[in-house]
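Coordinate analysis (summary)
Each chain, written out:
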Amino acid sequence: MKENNVLAVAGATGLVGESMLDLLAQRRFPAVSVHALASARSVGRRVSYGNSMLVVQNLATFDFSQVDIALFSAGASVSEEHATRAAAEGCVVIDNTSCFRYDDDVPLVVPEVNIEAIEQYRQRNIIANPNCSTIQLLVALKPIYDKAGIERINVATYQAVSGAGRSAIEQLAGQTARLMNGQPLDDEEAQIAFNVRPHIDNFLDNGYTREEMKIVWETHKILDDETVAVNPTAVRVPVFFGHSEAVHIETRRKLSADEARELLARAPGVTLVDRRAPGGYPMAATDGVGTDSVYVGRIREDISHERGLNLWVVSDNVRKGAALNSVQIAEILVKDHI
């Protein structure tokens, strides 16, 4: 393992960037130095890295030629310009945006699911991180897929507002406070407080949103199997952190609920919480905040389909669904590849 790595985190002042820095320090990533990067308006700010503080530098003018690995989470348009530049300067980029996910020559990686794909980074010096909803879904389903195959996935996601960034968290807090105090909301402001909104990202011609189609495209690419039918509905809910998913699958061969529990109990990255009693299941507020696991519960056989299984899946969308996945990839890179 290389010990004297130089790292950069682009988007260091955002929710995911802050979590990346936190995890790098917590997990004692073998780095001699870490650079915090952001836009010009954030230059000079200080961000936490373990017991120290890093001064934010300007991403637009930063020299990546002396950096081994860069973690990007600053938006797709930023990655298109600067992640491409970093890769051209010899730095291996782990990108958390949608910019490169569907490029054939860029691996799309969830370490617990398709770790072998990492070695493809050499084609462009870029590795893509999937969408947070896809990550937790496939961490939970991979053991079942390997054992019994999966014909079809029906999934409804209940996504926390933090998936839309810090401003969305502030919006939910502000709306909640106003409504609790009997004050009206701005007429032009879409209500999320005390509401459930079945709309994330732009609508496409097929009636699905782009957020929903990301789950389809990414599942096919990560599993390298386009025969798996995927039918998603993405919903925004008034929760600060923690995505939840109601997952209904049809396996290729019959798999009992007990067999599924046994598989998931020993699956990497999964914590099984499956008791048929109050509180015997994972929840966003208790399990989807500040944690590293994908939590699975409510496992039961589908009474409407002979090869159907139902699961409830919860994970911290910012931490596991973005930052940790990137850090895990970086750890594998320095251990086995660079």
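Residues numbered from 1 in each chain as written. Predicted model: local features only at pLDDT ≥ 70, side-chain atom pairs only at ≥ 80, totals over all residues. Heavy atoms only, no water.

1. With respect to the layout of surface pockets
Within this model, the largest pocket holds a volume of roughly 1,100 Å³. Around the largest pocket, the lining is made up of 44 residues, and of these Val 16, Ser 73, Ala 74, Gly 75 and Asn 96 lie nearest the centre. Among the secondary structure elements, those contributing two or more residues to the lining of the largest pocket are helix H1 (15–26), helix H2 (76–88), helix H6 (210–223) and helix H9 (319–336). Taken together, the residues that form the lining of the largest pocket break down as 15 nonpolar, 21 polar and 8 charged. (1 Å grid on protein atoms, 1.4 Å probe; cavity = no way out; pocket = protein on both sides within 12 Å on 5 of 7 lines; lining within 4 Å. Points joined across faces, edges and corners; volume = space filled by probe spheres on them. Helix = DSSP H or I, 4+ residues; strand = E, 2+ residues; numbered from the N terminus. Nonpolar A, V, L, I, M, F, W, Y, C, P; charged D, E, K, R; others polar.)

2. Focus on unusual backbone geometry
You will see that Asn 125, though not glycine, has its phi angle at about 65 degrees, which is positive. Its place among the elements puts Asn 125 in the loop between helix H3 (111–114) and strand E8 (126–128). Judged by its relative accessible area of 16%, Asn 125 is buried. At Phe 194, a residue that is not glycine, the phi angle is positive and equals roughly 55 degrees. For Phe 194, a relative accessible area of 56% corresponds to the exposed category. (Buried < 20%, exposed > 50% of the residue type's maximum accessible area, 1.4 Å probe, protein only.)

3. Focus: the state of the cysteines
Tallying each qualifying case throughout the model produces 0 disulfides. Summary of cysteine pairing: Cys 99 is not part of a disulfide, and the nearest cysteine sulfur, belonging to Cys 91, is at 15 Å. Free cysteine Cys 132: the closest other cysteine sulfur is in Cys 99, separated by 17 Å. Since its relative accessible area comes to 12%, Cys 132 is described here as buried. (Disulfide = S-S within 2.5 Å.)

4. What to know about the nonpolar core
Counting 56 residues, the largest nonpolar core has Phe 64, Phe 72, Ile 153, Val 247, Ile 249, Val 296 and Leu 311 as the members making the most contacts within it. Here the element with the most residues in this core is helix H4 (residues 132–148); it accounts for 9 residues. Ile 153 has contacts with Leu 137, Leu 141, Thr 219, Val 228, Ala 229, Val 230, Asn 231, Val 247, His 248 and Ile 249, leaving out every residue within four places of it along the chain. Membership of the second largest hydrophobic core comes to 42 residues, among which are Val 16, Leu 172, Ala 322 and Ala 323. (Core = buried A, V, L, I, M, F, W, Y, C linked by side-chain atoms within 4.5 Å. Contact = heavy atoms within 4.5 Å.)

5. What to know about the sheet that holds strand E14 (residues 308–315)
The strand order across the open sheet built from 6 strands is E10-E9-E11-E14-E13-E12, with neighbouring strands paired in mixed fashion. Bordering the open sheet on either side are strand E10 (229–236) and strand E12 (270–272), each of which pairs with just one other strand. Going from strand to strand, the sheet's axes swing by 20 degrees on average, the running direction of each strand aside. Pairing geometry for E12 and strand E13 (residues 294–301), over 3 bridges, is parallel. Each bridged residue has a counterpart across the sheet, and for Val 270 the counterpart in E13 is Val 294. (Pairing = 2+ DSSP bridges. Axes fitted to C-alpha atoms, helices over the stretch in contact; angles between N-to-C directions.)

6. Here's the deal with the pattern of salt bridges
Counted under the stated rule, the structure contains 19 salt bridges. For the salt bridge of Glu 18 with Arg 166, the shortest nitrogen-to-oxygen distance reads 3.2 Å. A residue pair is termed long-range when its members are at least 10 positions apart, and Glu 18 in helix H1 and Arg 166 in helix H5 (residues 166–180) qualify at 148 residues. Judged by its relative accessible area of 33%, Glu 18 is partly exposed. Residue class for Arg 166 comes out partly exposed when judged on its relative accessible area of 34%. Among the salt bridges present, the one from Asp 258 reaches Arg 261, with a minimum N-O distance of 2.7 Å. Here Asp 258 and its partner Arg 261 are both found in helix H7 (residues 257–265), 3 residues apart, which amounts to about one turn of the helix. By sharing partners, the salt bridges in this structure join Asp 22, Asp 292 and Arg 319 into a single network. (Salt bridge = Lys/Arg side-chain N within 4 Å of Asp/Glu carboxyl O.)

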